[in-house]
Amino acid sequence: MNKYLTLAALGLVAAASWASYPGSVAPTGYLMVIGSGRPGTESYVPEITTIQPDGQEQVQRLTSIKVGTERNSTAAGVALHRAELLKVNELAAHGWRVVSVAQSTVGVGATTETVYLLERR
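Please read all numbers here as calculations on a predicted model, not as lab measurements.

Novice: What's the story with the pattern of salt bridges in this structure? I'm lost.
Specialist: Where charged atoms of side chains with opposite charge meet at close range, the side chains can pair. Scanning the entire structure with this criterion turns up three salt bridges. Ionic pairing is found between R61 and E47, a salt bridge with its closest N-O pair at 4.0 Å. Linking R61 in strand β3 (residues 57-61) with E47 in strand β2 (residues 47-51), this pair joins segments that are 14 residues apart in sequence.

Novice: Just to check I follow, could you spell out the nonpolar core for this structure?
Specialist: Membership of the largest hydrophobic core comes to 14 residues, with the highest contact counts inside it found for L31, V33, I48, L62, I65, L91 and L118. If you list the elements that add at least two residues to this core, you get β1 (29-37), α2 (70-92) and β5 (111-120). At five residues, the largest contribution of residues to this core is made by α2. Excluding anything up to four places from it in sequence, I48 contacts V33, I34, G35, Q58, V59, Q60, L62, L80, A83, E84 and K87.

Calculation rules
Every chain begins its residue count from 1, and numbering advances along the sequence as written. The predicted origin of the model limits local features to residues at a pLDDT of at least 70 and limits the giving and counting of side-chain atom pairs to 80 or more, whereas totals for whole chains, interfaces and linings rest on all residues. To get the side-chain values, all heavy atoms of the structure are used, and hydrogens and water are removed first. Salt bridges are defined by distance alone: a side-chain nitrogen of Lys or Arg within 4 Å of a carboxyl oxygen of Asp or Glu. Secondary structure follows DSSP: runs of H or I at least 4 residues long count as helices, runs of E at least 2 residues long count as strands, and numbering of each begins at the N terminus. Working definition of a nonpolar core: buried Ala, Val, Leu, Ile, Met, Phe, Trp, Tyr and Cys residues. They are joined through side-chain atoms within 4.5 Å. Buried means the residue's accessible area, taken with a 1.4 Å probe over protein chains only, is under 20% of the maximum for its type, while exposed means over 50%, and partly exposed covers the values in between. Pairs of residues are marked as contacts when any of their non-hydrogen atoms sit within 4.5 Å.

See the structure below:
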């Protein structure tokens with residue numbers, strides 16, 4: 001009887017230690033989301049670039065956003081910002097939080113970039 005109690009106690013200890021073992025740890029540090037668009041050029045496709053904490057880069061081309069005319073320019077800008085917001089919200093659902101946002105317009109073609117810096121602790 002004492003043998004069975006010892007085995008049961010060892011089994012419970014093993015199960016409890018296995019249950020408390022940490023799973024995969026999510027990366028910490030900073031992550032960057034960059035939305036880039038150039039209104040008025042038909043050949044340019046807006047895109048969202050995500051740079052992971054380890055430096056890996058993912059580019060999402062937004063081919064559904066129509067650019068090319070002055071009339072479409074505002075609608076394309078709003079569509080780009082909507083796509084950026086959806087990406088930031090997706091990351092927030094995974095534990096990332098926005099620390100900083102910077103927007104700039106550079107170059108002759110007026111390339112607009114919005115840079116979101118996110119962190120996870």
